[in-house]
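Inside the fold
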Amino acid sequence: MTGIYAENSEGIFKKSVLEAASYASQISKGSVTAICIGQPSEGEADKLAKYGVNKLIVVEGLHAFDAQNYSNAVTANLTDIHTFVIANTYEGKSLGPRIAVLMAASLATNVVDLPNTIDGFTVKRGVFSGKGFAYVNLSRENKVIALTPNSIELKENPVTISIEKSVVNESENLTQITGSNKATGKIPLTEAEIVVSAGRGMKGPENWGMVEELASVLGGATACSKPVADMDWRPHGEHVGQTGITIKPNLYIAIGISGAIQHLAGVSSSKVIVVINKDPEAPFFKAADYGIVGDAFEILPQLIAAAKAAKN
Amino acid sequence: MSVVPDTTTKITFTDNNTKFNTAGVQFIINPYDELSLTRALEITEKNGGTVTIATVGLAEADAVVRKGLAIGATDAIRINAEPVDGQFVAEQLAHIIKEGGYDMVLTGRESIDYNGGQVCGLLGALLNWPSINVCTKIDVADGKAHFERDIDGGRESITASLPVVASAQKDLCEPRIPNMKGIMAARTKPLNVIAPISVDAFGQYSAFENPVPKQAVKLFDAQNAAQLIEALKNEAKVI
Ligand SMILES: Cc1cc2nc3c(=O)[nH]c(=O)nc-3n(C[C@H](O)[C@H](O)[C@H](O)COP(=O)(O)OP(=O)(O)OC[C@H]3O[C@@H](n4cnc5c(N)ncnc54)[C@H](O)[C@@H]3O)c2cc1C
Ligand SMILES: Nc1ncnc2c1ncn2[C@@H]1O[C@H](COP(=O)(O)O)[C@@H](O)[C@H]1O
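Because the structure is predicted, anything quoted here is derived from the model rather than measured. (Residues numbered from 1 in each chain as written. Chains lettered and ligands numbered in written order. Predicted model: local features only at pLDDT ≥ 70, side-chain atom pairs only at ≥ 80, totals over all residues. Heavy atoms only, no water.)

1. Digging into the overall build of chain A
- Tallying secondary structure elements over chain A gives 8 helices and 15 strands in all.
- A compact globule built from 312 residues would reach a C-alpha radius of gyration of about 20 Å, and chain A, at 21 Å, matches this within 12%.
- Each principal axis of the C-alpha atoms in chain A carries an extent, and together these give about 60 × 45 × 40 Å.
- Relative to all contacts within chain A whose residues are 6 or more apart in sequence, the contacts with residues 24 or more apart total 64%.
- A total accessible area of about 12,700 Å² is found for chain A, and carbon and sulfur atoms account for 50% of it. (Helix = DSSP H or I, 4+ residues; strand = E, 2+ residues; numbered from the N terminus. Rg over C-alpha atoms; globule rule 2.2 N^0.38 Å. Contact = heavy atoms within 4.5 Å. Areas by Shrake-Rupley, 256 points an atom, 1.4 Å probe, with all protein chains shown as cover.)

Next up, the structure:
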């Protein structure tokens, strides 16, 4: 049987969980069990059912996140489950390896496609930081697959879902969370499917209104190049690249960014890259799918207007 | 500490795409491990103690391990085996950590070659220690370890009892580079080579490939930027 970890983000199952569900239901010959820690919000279980999950186990009794207690609780509920799929989010990265040890399983992280099961169980995973892919045959009977978000197409497979509760006694946490600083209201950069990013070509922080407006019309997040964060035009949490955040959105729009190799290191796995730059020789155009050569200050208002029209 | 190809390496494969082509490749300390090594040195300079580098690799790793000693580690252990995958590596490391009586084990958040991001969590479970991933701050004070780490959409602060295993994320510290004195001292520091334990296989790499190269960029006229939105909606279908 196949199981998934249904990461509970304040009661909500994010798209990466639905992807894990869809992955599991496409490889399982029958049932998929999801394990969730803490009570999901009203109607969330139905989202899982739409992608083939027919049983949800809600684990109660754990409070703050602790990788050790969480992975122990998940594994305690894995009776008869031999393949376990977990989204490769920060939480998934903390839990997946621990669960693999507890299941005595083969572990594959950074998995980007459905497995080939004709002869064994071969998964495709990203290696060499975006510069290659590897095929690995997982030889243990038990397997843990950590699926990179945004890698597979969601495929509906509606089933009816039953919900069970499992109460665990929280053993002493060896870790305590003493504070957290989460961007609220805004879409976190690492999860955004659309990212509008700008660089030194925007000339100064006072010009970011247009960048933010385009992001908000498209329902995306904003990002920036390193010098922009270094000059305090934008907060450091927005800086993408080799020394910043690595992202993999469906759409990355780069405005007034030259496309230095260190910048590309953080964004080159984006599905579609759009570059807007007044210099036709800007290296970013070589990595782009679509582009406009021209002045951002003339192009952005047109894009905002067209995006508004397209969204209506 | 893992030994990886230099970040500027052009990645190609040989033997009918079944092996990474190491011809002409410069090997370096995994950049995240430069951070964890530097931070380990800073912590022991403040609190006392020693820093041991442990690596799973064959003899060609020694030159890179010596560089780690030159940065300032006290000694090094090389487990003499091909690092076949993260799970094999973690089993080897867990074995020596159990024997060594360490208070803290720091890894990188991932090796930049095989991008596993596994070893920290695997060690946590194998040793039954807490494991804290992707730390942007690591400190030890009052007999406890204090961390700040990345979480989805933000950062959080965590305190843990010792022993603990944690992985280094960008921003942890400024990596130190070896100086002349360090390089001289490293020559005589102990680098103990030990035999691996036997571990049942977890998996086999069967083939590699490079990503499909991008097609040439499709350009739109700056006077007619709306066409770009049209293409994103109807052709690329991303908005
Ligand atoms: C070790 C190291 C690590 C680094 N890490 C990172 C990293 O993580 N992330 C990162 O981003 N950088 C990083 N860098 C810096 C990187 O090398 C580049 O310097 C940086 O990305 C350039 O930022 P930029 O594109 O905003 O600025 P610039 O290179 O100055 O480019 C500005 C661009 O804007 C265009 N432009 C100007 N005016 C307009 C206009 N009106 N309309 C349209 N276009 C216009 C110009 O043609 C130019 O291409 C790193 C560098 C080093 C050495
Ligand atoms: N061969 C190895 N020897 C010692 N440590 C390693 C080795 N491979 C990986 N590690 C450690 O585990 C971290 C994460 O690696 P990985 O899980 O393989 O991405 C690295 O940054 C190292 O700290």
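So, next bit.
2. Quick notes on the interface of chain A and chain B
- In this complex, chain A contributes 81 residues to the contact, which on the side of chain B involves 79 residues.
- In this assembly, chain A packs against chain B so that about 6,200 Å² is buried in total across both faces, 53% of it on carbon and sulfur atoms.
- By the criterion of area lost to chain B, the three top residues of chain A are Tyr90, Phe128 and Tyr290 of chain A, representing 14% of everything that side buries.
- Connecting chain A to chain B are 1 salt bridge.
- The partner of Lys124 of chain A in a salt bridge is Glu209 of chain B, and the shortest N-O contact between them spans 3.2 Å.
- There are 47 residue pairs in polar contact (both at pLDDT 80 or more) connecting chain A and chain B.
- Looking at the side of chain A that touches chain B, its residues break down into 37 nonpolar, 30 polar and 14 charged.
- Both strand β10 (residues 175–182) of chain A and strand β10 (residues 154–161) of chain B contribute to a ladder of 7 bridges, which runs antiparallel. Its bridge partner lying in β10 of chain B, Asn181 of chain A is registered against Arg155 of chain B. (Buried area = accessible area lost by both parts, 1.4 Å probe. Salt bridge = Lys/Arg side-chain N within 4 Å of Asp/Glu carboxyl O. Polar contact = N/O pair within 3.5 Å; in protein donor to acceptor, adjacent residues only side chain to side chain. Nonpolar A, V, L, I, M, F, W, Y, C, P; charged D, E, K, R; others polar. Pairing = 2+ DSSP bridges.)

3. A word on the nonpolar core
- Phe84, Ile99 and Val144 of chain A together with Leu123 of chain B are the most contacted members of the largest nonpolar core, which totals 43 residues.
- Take this core: its biggest share by element is 7 residues, from helix α3 (residues 86–100) of chain B.
- Those residues in contact with Phe84 of chain A, other than ones at most four positions away along the chain, are Gly3, Ile4, Tyr5, Val74, Leu78, Ile99, Met103, Lys143, Val144 and Ile145 of chain A.
- Within the second largest apolar cluster, 37 residues are counted, among which are Ala198 and Ala229 of chain A together with Phe220 and Ala222 of chain B. (Core = buried A, V, L, I, M, F, W, Y, C linked by side-chain atoms within 4.5 Å. Buried < 20%, exposed > 50% of the residue type's maximum accessible area, 1.4 Å probe, protein only.)

4. Thoughts on the sheet that holds β10 of chain B
- Across the sheet, 6 strands lie side by side as β10(A)-β10(B)-β9(B)-β8(B)-β11(B)-β7(B); this open sheet has mixed pairing. Of all strands in the sheet, those bounded by a partner on one side alone are β10 of chain A together with β7 (104–108) of chain B. Taken pair by pair, the neighbouring strands of this sheet meet at an average axis angle of 30 degrees, ignoring direction. (Axes fitted to C-alpha atoms, helices over the stretch in contact; angles between N-to-C directions.)

5. Structural notes on empty space enclosed by the protein
- Taken as a whole and assessed by the stated rule, the structure comprises 1 cavity of 30 Å³ or more.
- One number sums up the size of the largest cavity: a volume of about 70 Å³.
- If you go around the largest cavity, the residues you meet are Phe65, Asp66, Ala67, Gln68, Ser94 and Thr175 of chain A together with Pro130, Ser131, Ile132, Asn133, Arg149 and Ile158 of chain B.
- Among the elements of the structure, α3 (67–76) of chain A together with β8 (131–141) of chain B are those that each provide at least two residues to the lining of the largest cavity.
- Per-element accounting of the lining of the largest cavity gives the leading share, 3 residues, to β8 of chain B.
- Considering only residue class, the lining of the largest cavity consists of 5 nonpolar, 5 polar and 2 charged. (1 Å grid on protein atoms, 1.4 Å probe; cavity = no way out; pocket = protein on both sides within 12 Å on 5 of 7 lines; lining within 4 Å. Points joined across faces, edges and corners; volume = space filled by probe spheres on them.)

6. Considerations on helix α1 (residues 15–27) of chain A
All names here are of chain A.
- Between its terminal C-alpha atoms α1 stretches 19 Å, which fits the 18 Å expected from 13 residues at 1.5 Å a residue.
- In terms of burial, α1 is largely enclosed, as 11 of its 13 residues are buried.
- Where α1 is concerned, the buried positions are Ser16, Val17, Leu18, Glu19, Ala20, Ala21, Ser22, Tyr23, Ala24, Ser25 and Ile27. (Expected span 1.5 Å × (residues − 1).)

7. Quick look at the site of ligand 2
All names here are of chain B.
- Around ligand 2 sit 18 residues, and of these Asp33, Val56, Ser111, Gly117 and Gln118 come closest.
- One of the backbone N or O atoms of Met1 is found 3.3 Å from a nitrogen atom in ligand 2.
- Protein chains shield 94% of the accessible area of ligand 2, which is 480 Å² for the free molecule.
- Looking at the shell around ligand 2, the elements with two or more residues in it are β5 (52–57), α3 and β7.
- A per-element tally of the shell around ligand 2 places β5 first, with 3 residues.
- Here the shell around ligand 2 is composed, by residue class, of 7 nonpolar, 9 polar and 2 charged. (Near = heavy atom within 4 Å.)

8. With respect to the site of ligand 1
Residue and element names in this part refer to chain A.
- Neighbouring ligand 1 are 26 residues, the closest being Arg200, Ser225, Ser258, His263 and Asn277.
- His239 has a polar side-chain atom sitting 3.1 Å from an oxygen atom of ligand 1.
- The separation between an oxygen atom of ligand 1 and a polar main-chain atom of Gln242 is 3.0 Å.
- If ligand 1 stood free it would expose 990 Å²; the protein chains cover 76% of that surface.

9. Overview of unusual backbone geometry
- Residue Pro163 of chain B is bonded to the preceding Leu162 of chain B through a cis peptide linkage, with omega at 0 degrees.
- One non-glycine residue, Ala104 of chain A, adopts positive backbone phi at about 50 degrees.
- With respect to the element layout, Ala104 of chain A can be found in the loop between α4 (90–103) and β5 (106–111).
- Phi at Asp171 of chain B is positive, roughly 80 degrees, even though this residue is not glycine.

10. Notes on the sheet that holds strand β6 (residues 75–80) of chain B
Residue and element names in this part refer to chain B.
- Ordered by their spatial adjacency, 3 strands build an open sheet running β5-β6-β12, and the pairing between neighbours is parallel. In this open sheet, the two strands that pair with only one neighbour each are β5 and β12 (191–194). Going from strand to strand, the sheet's axes swing by 20 degrees on average, the running direction of each strand aside.
- Note: β6 against β12, 4 bridges, orientation parallel. By the bridge assignment, Ala76 is partnered in β12 with Leu191.

11. A word on a nonpolar patch on the surface
- Together, Met180, Ile183 and Met184 of chain B make up an exposed nonpolar region whose accessible area comes to about 290 Å².
- Locating Ile183 of chain B in the fold gives a position in helix α5 (residues 180–186). (Patch = residues over 30% accessible without salt bridge, like charges linked within 9 Å, V, L, I, M, F, W, Y side chains within 5 Å.)

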